[in-house]
Amino acid sequence: MALSKIQIEIKAPYIAEIGRNSEMLNEKLKKQKIYELAKRIFDLCLAFIGLIFLLPAFLIVSLLIKWDDPHGRVFFRQIRVGKDGREFYIYKFRSMVANAEQMLNSLADQNEATGAMFKMKKDPRVTRVGRVLRKTSIDELPQLVNVLKGEMSLVGPRPPLPREVEQYSGYELQRLLVKPGCTGLWQVSGRSNLGFDQMVKLDLQYIRQRSMANDFKLILKTLIQLLGSKNAY
């Protein structure tokens, strides 16, 4: 189902709650205009080059997905919440069976994550090829399209689901002060092995310490983990 124009508008209640709980942090972010410009140029250049360079890999992965489970689409899109509560479609390679969303309710009591996330090490919805894609984070490469569109950055907090954001406190809503990222401090610090509270703490630490130098470091760490992270599932 497509998002309506109203659905993708900035969520005013989110902004009001964020403002009440993070005035000082918000003011600090507003002063980072040079960094924001440099970050956007950096995002555009690397995302564009990455998509061209990875085109053969995209084709191979697409064929493997259809071979493993021909009933679903190659690409999976899902509504996520971005900066200031604006909703957008995130793009990924499909790593689950075609009816994965419908199966979620029956698995809710097996959630191994804390807080407002759902994680399950042996999720029965994940396909054989999908397990490899998730282990190497290859399933997330199509998010480079989201970066080009300006909905995400290469580095930033994990983009949450709307149902997760509905459970956020004012403190946790501070994650929405910046664009979400393809990778970030949480992703390279333990990822699925970390609880929700730890994820929020790391995301806010990144937001407070944002710089191009830190972004470079996190991207390098991510590239190393693409060789096969034991913390992704």
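Because the structure is predicted, anything quoted here is derived from the model rather than measured.

Definitions and limits used
Residues numbered from 1 in each chain as written. Predicted model: local features only at pLDDT ≥ 70, side-chain atom pairs only at ≥ 80, totals over all residues. Heavy atoms only, no water. Helix = DSSP H or I, 4+ residues; strand = E, 2+ residues; numbered from the N terminus. Buried < 20%, exposed > 50% of the residue type's maximum accessible area, 1.4 Å probe, protein only. Areas by Shrake-Rupley, 256 points an atom, 1.4 Å probe, with all protein chains shown as cover. Pairing = 2+ DSSP bridges. Expected span 1.5 Å × (residues − 1). Contact = heavy atoms within 4.5 Å. Salt bridge = Lys/Arg side-chain N within 4 Å of Asp/Glu carboxyl O. Patch = residues over 30% accessible without salt bridge, like charges linked within 9 Å, V, L, I, M, F, W, Y side chains within 5 Å. Axes fitted to C-alpha atoms, helices over the stretch in contact; angles between N-to-C directions. Parallel < 35°, antiparallel > 145°, perpendicular 65-115°, else oblique. Nonpolar A, V, L, I, M, F, W, Y, C, P; charged D, E, K, R; others polar.

Engineer: Go over the overall build of the protein chain with me, naming the residues and quoting the values.
Structural biologist: Assigned secondary structure in the protein chain consists of ten helices and four strands. Mapped from its N terminus to its C terminus, the protein chain presents α and β elements in the order α-α-α-α-β-β-α-α-α-β-α-β-α-α. For the protein chain, with 233 residues in total, the buried portion stands at 51%. Carbon and sulfur atoms make up 62% of the accessible area of the protein chain, which totals about 12,700 Å².

Engineer: A description of the pairing of strand β2 (residues 87-93) should follow, citing residues and the corresponding values.
Structural biologist: Among the seven residues that make up β2, six are buried, leaving the element largely enclosed by the rest of the structure. Both strand β1 (residues 75-81) and β2 contribute to a ladder of seven bridges, which runs antiparallel. Bridge assignment links Arg77 to a residue of β2, and that residue is Tyr91. Taken together, β1 and the strand that follows it, β2, pair antiparallel across an intervening segment of five residues, in which Asp84 is found at a positive phi of about 60°.

Engineer: Break down helix α9 (residues 196-208) for me, citing the residues and quoting the values.
Structural biologist: Spanning 13 residues, α9 covers 18 Å between terminal C-alpha atoms, matching the ideal 18 Å at 1.5 Å per step. All buried positions along α9 are accounted for by Phe196, Met199, Val200, Leu202, Asp203, Leu204, Tyr206 and Ile207. Residues of α9 that are buried sit in contact with α2 (23-30), α3 (33-53), β3 (153-155) and α10 (212-225).

Engineer: How would you summarise the pattern of salt bridges if you had to cite specific residues and measurements?
Structural biologist: Here the structure, examined in full by the defined rule, presents eight salt bridges. A salt bridge links Lys149 to Glu151; the nearest nitrogen and oxygen atoms lie 3.4 Å apart. By relative accessible area, which is 47% here, Lys149 ends up partly exposed. Glu164 serves as the salt-bridge partner of Arg158, at 3.0 Å between the closest nitrogen and oxygen. Comparing Arg158 with Glu164 shows no difference in burial state: the two are buried.

Engineer: Summarise a nonpolar patch on the surface; cite the residues concerned and give the values.
Structural biologist: On the surface, Leu44, Phe48, Ile49, Ile52 and Leu148 cluster together to form a nonpolar patch covering roughly 450 Å² of accessible area. The element best represented in the nonpolar patch is α3, accounting for four residues. Its place among the elements puts Leu148 in helix α7 (residues 143-148). Judged by its relative accessible area of 30%, Leu148 falls in the partly exposed class.

Engineer: Please provide a residue-by-residue account of the packing of α3 against helix α4 (residues 55-68), values included.
Structural biologist: Their axes nearest at 4 Å, the elements α3 and α4 cross at an angle of 55°. Accordingly, the angle class assigned to the pair α3 and α4 is oblique. Every residue of α4 that contacts α3 at Leu51, Ile52 and Phe53 is listed here: Leu55, Pro56 and Phe58. Along the lines of polarity and charge, the residues of the contact of α3 with α4 split into six nonpolar, no polar and no charged.

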